[in-house]
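# Analysis of the macromolecular model
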Amino acid sequence: MGKKGKKEKKGRGAEKTAAKMEKKVSKRSRKEEEDLEALIAHFQTLDAKRTQTVEIPCSPPSPRLNASLSVHPEKDELILFGGEYFNGQKTSLYNELYVYNIRKDTWTKVDIPSPPPRRCAHQAVVVPQGGGQLWVFGGEFASPNGEQFYHYKDLWVLHLATKTWEQVKSTGGPSGRSGHRMVAWKRQLILFGGFHESTRDYIYYNDVYAFNLDTFTWSTLSPSGTGPTPRSGCQMSVTPQGGIVVYGGYSKQRVKKDVDKGTRHSDMFLLKPEDGREDKWVWTRMNPSGVKPTPRSGFSVAMAPNHQTLFFGGVCDEEEEESLSGEFFNDLYFYDATRNRWFEGQLKGPKSEKKKRRRGRKEEPEGGSKPACGGAGTQGPVQVVKEVVAEDGTVVTIKQVLTAPGSVGQPRSEDEDSLEEAGSPAPGPCPRSNAMLAVKHGMLYVYGGMFEAGDRQVTLSDLHCLDLHRMEAWKALVEMDPETQEWLEETDSEEDSEEVEGAEGGVDDHDSGEESGAGD
């Protein structure tokens, strides 16, 4: 009894500490969020000029990451909403809505009156009722210079049958955040985790909320058991048995003034109703077998056939004293909840290649490395190694593997100890993080995301598909040449304020780049 009481007391102490931190973050960020509300209101005024829904056939969307890509429940369509784009000096974000017709291989831009404000790193969930509904919660916005952040706590629904947006206002919901995860469970939306960041402070969450799709009300779930630590950008999926699996994610802690330490989580938990009661939940730690993904952030998730969870890409950064090195991935994994086992996806060919990059904090302008992203015609991997001397005298080695896009394929069977390597690598998406995934009729679609080459961030707009039943080869539906993408070098002295142009907003390429949306 004494140990239990001490444990409970310790738990209450942790809750008080978290509450104090949230209050501190809220107080410091309140002023900057008030400043951003005026900018958001300006954009909403522009959006309000739309008086009717207009559908415009168009070319594929511009490059972006941390958007949402959703499957229409009744039609052969994919729905792209929001996202962000960084050009080296400014990050723009969007509230555009695009529809991709799978059978016709065509794109349509759908302008609907009174849409949600521009955002990225939100969550979008489709449910079938009422001809199909797309529910969107949270995400973030920022000032054009990326120094002030606004985290949304609003809930919206897109009625797919009538193509109308509706903001659903209900009290008791989650606080403003991005990088959270949300799934449809029976007649509810279940939301977990995320983070909130201001100029000087941040906080990560591990709270759980439920939104009832019948009563339009929020409730806070307080599961028993030991659950995940606070994090964002995790995998969250519903199992065939009616539970909810949470895997991985990212968080950071301040170890001393102006020094943060990031953590890439690789643990897994199961959240399920206790004794069949929907008002009482319990967390359970899980230890899956099989070939597990290496720890990373910025990975993307979708539901594959046979109720398996599909896991794609991501990035693993390693901070060193004067440089940042890491790997981008384009590998594919499946998690089978029925067997509690991971499988590595593999096509007939070499294992998926990784794009490795190493960048210094500061480089000479001529020290930038050339971006590359494999397309359908890419041949074998070519390694480019370049050494430059940074302004402080540090020798920086830029190593980039320009690969044929990696191949993925069938999950390994339990008795497989090794993978055969045969044939040439199949074309496919190059290594990347924060891509958007969707699965329709057993076909996996991968859109956009980003990778880095030296100090340059390359934001992608390509679209690839893979038949998950046959697992033979990737097919490029939309290709892009990263070399044609605009990149502006960061200037030493920038304007303190930027003029608002058109209908775009800005968001900093900061932590949400690893936490987001359909990605991490």
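As named in an unreviewed UniProt entry, the protein chain is KLHDC4 isoform 10, taken from Pan troglodytes.

### A closer look at the overall build of the protein chain
Check the secondary structure of the protein chain and you find one helix and 34 strands. Taking contacts inside the protein chain between residues at least 6 apart in sequence as the whole, the part at least 24 apart equals 64%. With the model as given, the accessible surface of the protein chain reaches about 23800 Å², and the carbon-plus-sulfur share is 47%.

### Here's the deal with the confidence of the model for the protein chain
Averaged over every residue, the pLDDT of the protein chain is 80; residues scoring 70 or more account for 72%. Scored below 50 in pLDDT, residues 1-12 makes zero contacts in the model with residues more than four places away or belonging to other chains. Note on residues 356-369: pLDDT under 50 across the span, and 50 contacts to partners over four residues away in sequence or across chains.

### Quick word on the side chain of Arg64
Within the secondary structure, Arg64 sits in the loop between strand S1 (54-58) and strand S2 (68-71). Overall, the relative accessible area of 0% leaves Arg64 in the buried class. Polar contacts involving the side chain of Arg64 include one to the side chain of Ser62, which spans 2.9 Å. Within the structure, Arg64 has its side chain in polar contact with the backbone oxygen of Gly82 (distance 3.4 Å). Beyond its immediate stretch of four places on either side in the chain, Arg64 contacts Leu80, Gly82, Glu84, Tyr94, Glu96, Tyr98, Met436, Tyr447, Gly448, Gly449, Thr459 and Leu460.

### Some points on unusual backbone geometry
Positive phi, close to 60°, is recorded for His307, a residue that is not glycine. For His307, the position within the fold is in the loop between strand S23 (300-303) and strand S24 (309-319).

### Overview of the pattern of salt bridges
Pairing between side chains of opposite charge can happen when their charged atoms approach one another. Scanning the entire structure with this criterion turns up 18 salt bridges. Between Asp214 and Arg187 there is a salt bridge whose closest N-O contact spans 2.5 Å. Separated by 27 residues along the polypeptide, Asp214 in the loop between strand S16 (202-212) and strand S17 (217-221) and Arg187 in the loop between strand S14 (181-185) and strand S15 (188-197) bring together distant segments of the chain. Asp214 gets classed as partly exposed once you look at its relative accessible area, which sits at 49%. The class of Arg187 is partly exposed, set by a relative accessible area of 41%. Across the pair Lys252 and Glu197 runs a salt bridge, and its minimum N-O distance is 3.9 Å. You can see Lys252 sitting in strand S19 (residues 244-256) and its partner Glu197 sitting in strand S15, a full 55 residues away along the chain. Just as Lys252 is buried, Glu197 falls in that class too. Because the salt bridges share partners, they merge into one network encompassing Asp47, Arg50 and Arg118.

### Some thoughts on the nonpolar core
Core analysis: the biggest nonpolar cluster contains 17 residues, and Leu310, Leu332, Phe334, Leu444, Leu466 and Leu468 have the highest contact counts within it. Mapped by element, the contributors of at least two residues to this core are S24, strand S25 (323-336), strand S30 (436-440) and strand S31 (443-453). With near-sequence residues (within four places) excluded, Leu468 lies in contact with Ala304, Pro305, Leu310, Phe334, Val439, Gly442 and Leu444.

### As for the side chain of His72
Considering the arrangement of structural elements, one finds His72 in the loop between S2 and strand S3 (77-81). When its relative accessible area of 4% is taken as the criterion, His72 is described as buried. At 3.0 Å, the side chain of His72 and the backbone nitrogen of Glu74 are in polar contact. Looking at His72, its side chain comes within polar contact range of the main-chain nitrogen of Lys75, at 3.1 Å. Beyond its immediate chain neighbours, meaning those up to four positions away, His72 contacts Glu77, Ile79, Gly131, Leu160 and Lys440.

### Concerning the environment of Arg264
Turning to its location among the elements, Arg264 is positioned in strand S20 (residues 259-274). For Arg264, a relative accessible area of 26% puts it in the partly exposed group. Along the backbone, Arg264 and Tyr250 are 14 residues apart, and their C-alpha atoms lie at a distance of 4.8 Å. Excluding residues within four positions of it along the chain, Arg264 makes contact with Gly249, Tyr250, Pro295, Arg296, Ser297, Cys316, Asp317 and Glu318. At 2.9 Å, the side chain of Arg264 forms a polar contact with the backbone oxygen of Asp317.

### Thoughts on the sheet that holds S30
Overall, antiparallel pairing links the four strands, which are arranged S30-S31-S32-S33 in an open sheet. The open sheet terminates on both sides in strands that have one partner only, identified here as S30 and strand S33 (474-478). The average angle at which neighbouring strand axes cross in this sheet is 30°, direction not considered. Pairing of S31 with strand S32 (residues 456-467) involves ten bridges; the strand directions are antiparallel. Within the sheet, the bridge partner assigned to Tyr445 lies in S32 and is Cys465.

### Description of the environment of Arg231
Topologically, Arg231 is positioned in the loop between S17 and strand S18 (235-238). Look past the residues within four positions of Arg231 in its chain and what remains in contact with it is Phe192, Gly193, Gly194, Tyr204, Tyr205, Gly248, Tyr250, Ser251, His265, Asp267 and Phe269. Reaching out from Arg231, the side chain makes a polar contact with the backbone oxygen of Thr229 at a distance of 3.0 Å.

### Regarding the packing of aromatic side chains
What the rule picks out here adds up to 25 aromatic pairs. Taking the centre distance of 6.2 Å and the plane angle of 70° together, the rings of Tyr247 and Phe311 count as edge-to-face. Highlighted residues: Tyr247 in strand S19 and Phe311 in strand S24, separated in sequence by 64 residues. On the accessibility criterion, Tyr247 (4% relative accessible area) is buried. Linked through ring pairs, Trp135, Phe137, Tyr209, Phe211, Phe216 and Trp218 together constitute an aromatic cluster. Positioned over the ring face of Phe329 is Arg296, at 4.0 Å from the centre of the ring.

### Remarks on the sheet that holds strand S6 (residues 97-101)
Spatial strand order, S1-S7-S6-S3-S2: five strands in an open sheet with antiparallel pairing. Either end of the sheet is taken by a strand with one partner, and the two such strands are S1 and S2. Here the strands of the sheet are splayed against their neighbours by 25° on average, with no regard to which way each runs. Pairing of S1 with strand S7 (residues 106-111) involves five bridges; the strand directions are antiparallel. Of the residues in S7, the one forming a bridge with Val54 is Asp111.

Each value, and the rule that gives it
- Residues numbered from 1 in each chain as written.
- Predicted model: local features only at pLDDT ≥ 70, side-chain atom pairs only at ≥ 80, totals over all residues.
- Heavy atoms only, no water.
- Helix = DSSP H or I, 4+ residues; strand = E, 2+ residues; numbered from the N terminus.
- Contact = heavy atoms within 4.5 Å.
- Areas by Shrake-Rupley, 256 points an atom, 1.4 Å probe, with all protein chains shown as cover.
- pLDDT = per-residue confidence, 0-100.
- Buried < 20%, exposed > 50% of the residue type's maximum accessible area, 1.4 Å probe, protein only.
- Polar contact = N/O pair within 3.5 Å; in protein donor to acceptor, adjacent residues only side chain to side chain.
- Salt bridge = Lys/Arg side-chain N within 4 Å of Asp/Glu carboxyl O.
- Core = buried A, V, L, I, M, F, W, Y, C linked by side-chain atoms within 4.5 Å.
- Pairing = 2+ DSSP bridges.
- Axes fitted to C-alpha atoms, helices over the stretch in contact; angles between N-to-C directions.
- Phe/Tyr/Trp six-rings, centres within 6.5 Å; stacked < 30°, edge-to-face > 60°.
- Lys NZ or Arg CZ within 6 Å of the ring centre and 35° of its normal.

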